[in-house]
Amino acid sequence: MFELLFLLLPFAAAYGYYMGRQSVRDKKEKSSTVRNNNYLRGVEYLLNNEKDRAVDKFIAYLNESDPSFESNLALGNLFRKRGEVDRAISLHEALANNPKLDVAENEISRVELARDFISAGLLDRAERILLDLVEIPRQHAAAAALLVKVYEQERDYHKAIEIALTYRNVLGSSSLSQLSHYYCQCAVQDVMAGNKETAYASYQHALDVYPDSVRARLEYADLLIKDKKLKEAYIKVKEVSELDPNSGLLCLDLIRKCFPNKADPDLRFALEDLVRRTHSAEAMVDLVQSVELISGKEDAEVQLLAFIKEKPSLKLFSALIGLRSRDSDDAKANDVVVQLKSLIDAQIATNPRFSCSRCGFKSKMMFWQCPSCRRWDTITPIRGLDGD
């Protein structure tokens, strides 16, 4: 009997070993299934534009994965995108201080750590890291772009310009528009300080680095108007309308200043040129008013009806109601018409005039940098029936 038990011991040991291996395999398969499910669910949420839930699933996926430099780096980035900047900083800081990483991995970790500090508003700490990294040839582009962003947030536009010019080749042509805005920001500061000559020079620098700059021309023109140089100012405004078909509203404000006399035939010619280039509804209304003063109400109405046929708009319809209400002899009917015009004008007044093409931010004011997504040159006039 004992001999039989002794003979069965190897089989028992083999069976125990097999069952142990099977248990470990089952756990690994279960863990792998959980990871894959998290990843697939994350992709599904991403496709359905549920970004927050997608990030949660991707974080869970990375937490289940074997820790590696790439997964830890990605995990920190996801923490930052979700707003958990403290966790991102902690993770990227640990990577940056890890002596086992090679030089390139250490540099990448420090770049991501600088991004974390920028997101947290710790700009001085980000600047210290980036000033070291920007000296490393393979980190020129990433570090210079982030350093420019730091100085932009600090409103130190002179330093932003210095870095952008120094690393102009690696930043690429897409940075030139942004660089022109920094010159314009410096010019605005100069105007506020009473340094007009310096402001003129800054606007010229903006045009030198980016000849298609709409902002530089418009603000240059506004400065010329303040100096009573109306003809020179109008030349700049006309250049803007030639460059940008969406600049009607922006140009119109300056044209009104260039030609303060509404009965001036030159104003009519300027408005006709603006309408032809930009098809701005508000410019059309101003042109109709100019036509009425110079040629009479009948010509103005003919012109207005042609505009309405070409481009139906609440602004044009309101102008037509106003034009015709002055012909009515029926006081009661005229009151109704006036009330209708007031309702339309109130609706127009409540509507935003500009929107961001990137994030959808809407505003009644023009911003060269979107207050929401912080992108430059994405705010444009709203078009359509109740827009311009």
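Look up a bit, the structure's there.
Residues numbered from 1 in each chain as written. Predicted model: local features only at pLDDT ≥ 70, side-chain atom pairs only at ≥ 80, totals over all residues. Heavy atoms only, no water.

1. Looking at the packing of aromatic side chains
Describing an aromatic ring pair means giving the distance of the ring centres and the angle of the ring planes. So the rule is basically this: Classification of ring pairs uses Phe, Tyr and Trp, with its six-membered ring standing for Trp, and accepts pairs whose centres are within 6.5 Å; under 30 degrees between planes counts as stacked, over 60 as edge-to-face, and the remaining range as tilted. In this text, helices come from DSSP runs of H or I with a minimum length of four residues, and strands from runs of E with a minimum of two, each type numbered from the N-terminal end. Burial status follows relative accessibility: with a 1.4 Å probe on protein chains alone, a residue under 20% of its type maximum counts as buried, one over 50% as exposed, and anything between as partly exposed. In this scheme, the term charge over a ring applies when either NZ of a lysine or CZ of an arginine sits within 6 Å of the ring centre and within 35 degrees of the ring normal.
Summed over the entire model, instances satisfying the criterion amount to six aromatic pairs. With 6.2 Å between their ring centres and 50 degrees between their planes, Tyr-203 and Tyr-220 make a pair best called tilted. On the criterion of sequence distance, the pair formed by Tyr-203 in helix 11 (residues 196-209) and Tyr-220 in helix 12 (residues 214-226) is long-range, its members being 17 residues apart. The two residues Tyr-203 and Tyr-220 agree in class, both being buried. Linked through ring pairs, Tyr-157, Tyr-182 and Trp-376 together constitute an aromatic cluster. A cation sits over an aromatic face here: Lys-236 above Tyr-220, 4.8 Å from the ring centre.

2. Comments concerning the pattern of salt bridges
Put simply, the rule reads: By convention in these notes, a salt bridge is any Lys or Arg side-chain nitrogen within 4 Å of a carboxyl oxygen on Asp or Glu.
Here the structure, examined in full by the defined rule, presents 23 salt bridges. One salt bridge connects Arg-80 with Asp-116, and the closest N-O pair in it is separated by 2.7 Å. Of this pair, Arg-80 sits in helix 3 (residues 69-81) while Asp-116 sits in helix 5 (residues 103-120), and the two are 36 residues apart along the sequence. For Arg-80, a relative accessible area of 14% puts it in the buried group. By relative accessible area, Asp-116 is classed as buried at 0%. Among the ionic pairs, Asp-273 bridges to Arg-277, the shortest N-O distance being 2.9 Å. Highlighted residues: Asp-273 and Arg-277, both in helix 15 (residues 265-278), separated by four residues, approximately one helical turn. Using a relative accessible area of 12% as the deciding quantity, one classes Asp-273 as buried. The class of Arg-277 is partly exposed, set by a relative accessible area of 24%.

3. Structural notes on the environment of Ser-119
The criterion, for reference: Contact between two residues is taken to exist if any of their heavy atoms lie within 4.5 Å; hydrogens are not considered.
Examined against the element boundaries, Ser-119 turns out to sit in helix 5. The class of Ser-119 is partly exposed, set by a relative accessible area of 47%. Spatially, the C-alpha atom of Ser-119 lies 9.2 Å from that of Lys-81, the residues being 38 residues apart in sequence. Leave out the neighbours within four places in its chain, and Ser-119 touches Arg-80 and Val-85.

4. Looking at the nonpolar core
Put simply, the rule reads: Buried Ala, Val, Leu, Ile, Met, Phe, Trp, Tyr and Cys residues form a nonpolar core when they are joined through side-chain atoms within 4.5 Å.
With 83 residues, the main nonpolar core has Leu-130, Tyr-182, Leu-218 and Ile-255 as its most contacted residues. Considering each element in turn, this core owes the most residues, eight residues, to helix 12. Leaving out residues up to four positions away in the same chain, Leu-130 has contacts with Ala-114, Ile-118, Ala-143, Leu-146, Leu-147 and Val-150.

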